[in-house]
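# Inside the fold
Each chain is listed here by its residues.
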Amino acid sequence: MPEAATLFKEWSGYLKAEDLAQVESAYHFSQSAHEGQFRKSGEPYISHPLAVANILAQWHLDSQALTAALLHDVMEDTSVTKTEISRKFGKPVADLVDGVSKLDKIEFETQEKAQAENFRKMLLAMARDVRVILIKLADRLHNMRTLDSVDDVRRNRIARETLEIYAPIANRLGLNSIFQELEDLSFRHLYPDRYRVLAKAVKAARGNRREVVSKVMESIKQRLKDNKVEAQVHGREKHLHSIYRKMREKSLSFSQVLDVFGFRIIVKDVHSCYIALGVLHGLFKPIPGKFKDYVAIPKANGYQSLHTKLFGPFGTPIEVQIRTADMHKIAEAGVASHWLYKSSDTSLSDLQKKTHQWLQSLLEIQSESGDSIEFLEHLKVDLFPDEVYVFTPRGQIMALPRGATAVDYAYAVHTDIGNRCVAVKINQELMPLRAELRNGDRIEIITASHARPNPLWLNFVITGKARSHIRHYLKTMHLQESEQLGERLLHQALDSLNSGLPKIEESRWDKLVRDSNAKSRQEILADIGLGKRLGVVVARQLLSLGEPLPGDNLSPGSVVIRGSEGMAIQFAKCCSPIPGDPIIGIINKGQGMVIHTHDCPGIVKTRMDPERLLDVAWDPESTKLFEVRVKLVVANQRGVLAKVAAEIAEGESNIQNVAVNPEDSGSYTDMYFTIQVSNRLHLARIMRGMRLIPEVVRINRVKG
Ligand code: MN
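Note that the coordinates shown come from a computational prediction; the quantities given were computed from them, not determined experimentally.

### Quick look at the overall build of the chain
The number of helices and strands found in the chain is 27 helices and 19 strands. Contacts in the chain between residues far apart in sequence, at least 24 positions, make up 66% of those at least 6 positions apart.

If you want it as structure tokens, here you go:
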């Protein structure tokens, strides 16, 4: 590794003096921050960030990226903070360093193939600024180059991660030489024996073939020259890991993989591409079906070239790519994406498309204007604006649409998890279920067996799956609850006729279902629950007793109301009954049962219609909270609202709504609170507390 001063001199070849000055000061800053730290190899730690910056300088990255590269480990390994970096080197640099540090924190844990792709996407999505990825790749490249001094376990993990995550990212970004070096280094550390054997064999084979290859090359050059085609001819050689991969994936022998000669011909214009092709087909016989014209019809990623395969001397196939210098530049610089050309999946995923679009625009801007500001703006693209990637508790990665909440996640994992979720831990912290998920979050859903979907969730879930499952659940629950209520009401009616449900014979039910044009017994029960049929009428039909008589006792006992029955039982808005209030149930056609307080002024008329009235009672075990309205008249004093609110909180209640009406006189104000209480005692306690506030003149519960 050259001295820092030597490198600075080299970098001055493309950096402006003032930019280089910042880079140098970052070097000194980092050096003193890492003072006393050493690499596993024994070198001072600063040698690593310096080498990383130098890799980026080979790509001619801007001074901000180089500065960040020099500082990339200080936040992790020293006491330097982001604020400090921001103050000294500017916010863009601090953001880059922060971005790299964040990527360092997430580790690739699972060994599953399918997860690797998601992990790569997550890294790219988290990076936002592509320079973060480039710094991370340079960091990884240098670590891979110096992996020998690291212990076996770590070496194995880093090499595997590089092979599965970072090499493919480099490949995708078109950083061809980095990609190949990362793959070969990983290969060497993961399978040292295979690597050694293969490297030796390839070296030998290439030595043996050198003569044949140069003969073929010469004859191609000569023939092109004879036909007045200006061209450069290059041999192409595969890197070791790609030979290894081909042997494994296609079960080919070493000689089968290597026994193809590869050439690339660069010509000056499109016209010459076709002339060169004709010349070659005259020189060697083309293999039928192997010619591809990506010049006339470019690949989806913009890649252009003519591909053909020829029968070479001694029957060795020759693969040739013919393209113009411009096409070549694009192909090598990244847009043509070597990975697509060789990659096993044929269709462009969204990721690939976006990466490609980004790279394409990057190249265009660079070549057309050379405007570095615009260039930098384009580096800051969000590669995946539509998706977020999160971890399950087991380290699996899930992709969800951007804006997805914990409930969306729960339903994406499993319908049952969605239906039973009650809370969520995001990165170990309890968060509301409506919390929006961010890239890299680790999500843990907390479920409870008694829990069920809340209709309010429909206000914030964004995935179709969550939405339809919640709707479906609410619909079937509504029906189930109606059935259960109907069954209870029917029981009661049968009891009053000195019979009981278990005594009813099946044939009677069948007859009733037939006679009443219902689809099933459940439908009849649901109808009773919904008030479309009267329990006592159905009971008499089942017992073949005919129409009810005026003397029949219609309400022999109480129906117990828990308050959590949902839509089959509703609590009247007019009087807002709470446990402890004397209550009465009223059957409304199609709506089921509505619970009112005994003294509700809204039900005076209905009281004349005994068939619709039901005696009901509170379940003493109920733990639900009920809303109730309270009116206060208070003297106009500063802070009185806060005092009342504090008193309500003190009484362990929640305020759902507040309305304030100043009286005309100006000295008093009416306040209406809607609060949640568990029962009358609870309410009484809160009202007692409010009465003690000096400004409170009058207080009463509002009904009707
Ligand atoms: Mn590092």
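### Regarding helix 2 (residues 17–33)
With 17 residues, helix 2 should reach 24 Å at 1.5 Å per residue; the first-to-last C-alpha distance of 24 Å fits that figure. Within helix 2, the full set of buried residues consists of Leu20, Val23, Ala26, Tyr27, Phe29 and Ser30. Those residues of helix 2 that are buried are in contact with helix 1 (4–11), helix 3 (47–58), helix 4 (63–70), helix 5 (74–77) and helix 6 (82–89).

### Considering the pairing of strand 18 (residues 668–677)
Here strand 18 lies mainly inside the structure; eight of its ten residues are buried. Bridge analysis of strand 16 (residues 626–635) against strand 18 gives ten bridges, and the strand direction is antiparallel. Residue pairing across strands places Lys631 opposite Tyr672, the latter belonging to strand 18.

### Re the coordination of the manganese ion
Listed as protein donors to the manganese ion are His48 (NE2), His72 (NE2), Asp73 (OD) and Asp139 (OD); their distances from the metal cover 2.2 to 2.5 Å. In the primary sequence, the donor residues of the manganese ion line up as H-x23-H-D-x65-D. On the criterion of sequence distance, the pair formed by His48 in helix 3 and Asp73 in the loop between helix 4 and helix 5 is long-range, its members being 25 residues apart. The class for His48 is buried, based on a relative accessible area of 1%.

### Concerning the sheet that holds strand 1 (residues 231–236)
Judged by pairing direction, the sheet is mixed, and its five strands sit side by side in the order 1-2-5-4-3 without closing on themselves. This sheet does not close on itself; its edge strands, each paired only once, are strand 1 and strand 3 (292–293). Judged from the seven bridges that link them, strand 2 (residues 261–267) and strand 5 (residues 317–324) form a sheet pairing that is parallel. Residue pairing in the sheet places Gly262 in a bridge with Glu319 of strand 5. The sheet contacts of helix 12 (residues 192–226) involve strand 1, strand 2 and strand 5, and relative to strand 2 the element is tilted by about 30°.

### Description of the sheet that holds strand 8 (residues 421–426)
Spatially, three strands are ordered 9-8-10 in an open sheet, and the strand pairing comes out antiparallel. The outermost strands of the open sheet, each flanked by one partner alone, are strand 9 (429–431) and strand 10 (443–447). Averaged over all adjacent pairs, the angle separating strand axes in this sheet is 35°, with direction ignored. Both strand 8 and strand 9 contribute to a ladder of three bridges, which runs antiparallel. The partner of Ile426 across the bridge, within strand 9, is Glu429. Against the sheet, helix 20 (residues 406–413) makes contact with strand 8 and strand 10, and its axis sits at roughly 80° relative to strand 10, the strand it touches most.

### Observations concerning the nonpolar core
Within the largest apolar cluster, 59 residues are counted, with the highest numbers of intra-cluster contacts made by Trp11, Leu56, Leu66, Leu71, Ile85, Leu137 and Leu182. In terms of residue count, helix 9 (residues 130–145) provides more of this core than any other element does, nine residues in total. Not counting residues up to four positions away in its chain, the partners in contact with Trp11 are Leu20, Val23, Leu50, Ala53, Asn54, Ala57 and Leu66.

### Some words on the packing of helix 2 against helix 4
Relative to each other, helix 2 and helix 4 sit at 5°, their axes nearing to 9 Å. Our classification of the angle between helix 2 and helix 4 gives roughly parallel. In this structure, helix 2 contributes Asp19, Gln22, Val23, Ala26, Tyr27 and Ser30 to the contact, and helix 4 contributes Ser63, Leu66, Thr67 and Leu70. Across the contact of helix 2 with helix 4, the residue classes break down as five nonpolar, four polar and one charged.

### Observations concerning the pattern of salt bridges
Within this structure, the stated rule accounts for 21 salt bridges. For the salt bridge of Asp139 with Lys136, the shortest nitrogen-to-oxygen distance reads 3.3 Å. A residue pair is termed a helical-turn pair when its members lie 3 or 4 positions apart in one helix, as Asp139 and Lys136 do in helix 9 at three residues. Like Lys136, Asp139 is buried. The salt bridge involving Arg245 is made with Glu183; its shortest N-O contact spans 2.8 Å. Of this pair, Arg245 sits in helix 13 (residues 240–249) while Glu183 sits in helix 11 (residues 176–190), placing them 62 residues apart in sequence. Look at Glu183 and you get buried, because its relative accessible area is 4%. When salt bridges that share partners are traced, they join Lys82, Lys91, Asp95 and Asp98 into one network.

### Observations concerning the packing of helix 2 against helix 6
Remark: helix 2 packs on helix 6, axes separated minimally by 11 Å, with the N-to-C direction vectors making an angle of 145°. Remark: the crossing between helix 2 and helix 6 carries right-handed chirality. Contact with helix 2, carried on its side by Gln22, Ser25, Ala26 and Phe29, involves Glu84, Lys88 and Phe89 of helix 6 and no other residues of that element. Split into classes, the residues belonging to the contact of helix 2 with helix 6 amount to three nonpolar, two polar and two charged.

Thresholds, definitions, all that
- Residues numbered from 1 in each chain as written.
- Predicted model: local features only at pLDDT ≥ 70, side-chain atom pairs only at ≥ 80, totals over all residues.
- Heavy atoms only, no water.
- Helix = DSSP H or I, 4+ residues; strand = E, 2+ residues; numbered from the N terminus.
- Contact = heavy atoms within 4.5 Å.
- Expected span 1.5 Å × (residues − 1).
- Buried < 20%, exposed > 50% of the residue type's maximum accessible area, 1.4 Å probe, protein only.
- Pairing = 2+ DSSP bridges.
- Donors = N, O, S within 2.8 Å, 3.2 Å for Na, K, Ca; no water.
- Axes fitted to C-alpha atoms, helices over the stretch in contact; angles between N-to-C directions.
- Core = buried A, V, L, I, M, F, W, Y, C linked by side-chain atoms within 4.5 Å.
- Parallel < 35°, antiparallel > 145°, perpendicular 65-115°, else oblique.
- Nonpolar A, V, L, I, M, F, W, Y, C, P; charged D, E, K, R; others polar.
- Salt bridge = Lys/Arg side-chain N within 4 Å of Asp/Glu carboxyl O.
- Left-handed = near helix turned anticlockwise from the far one by under 90°.

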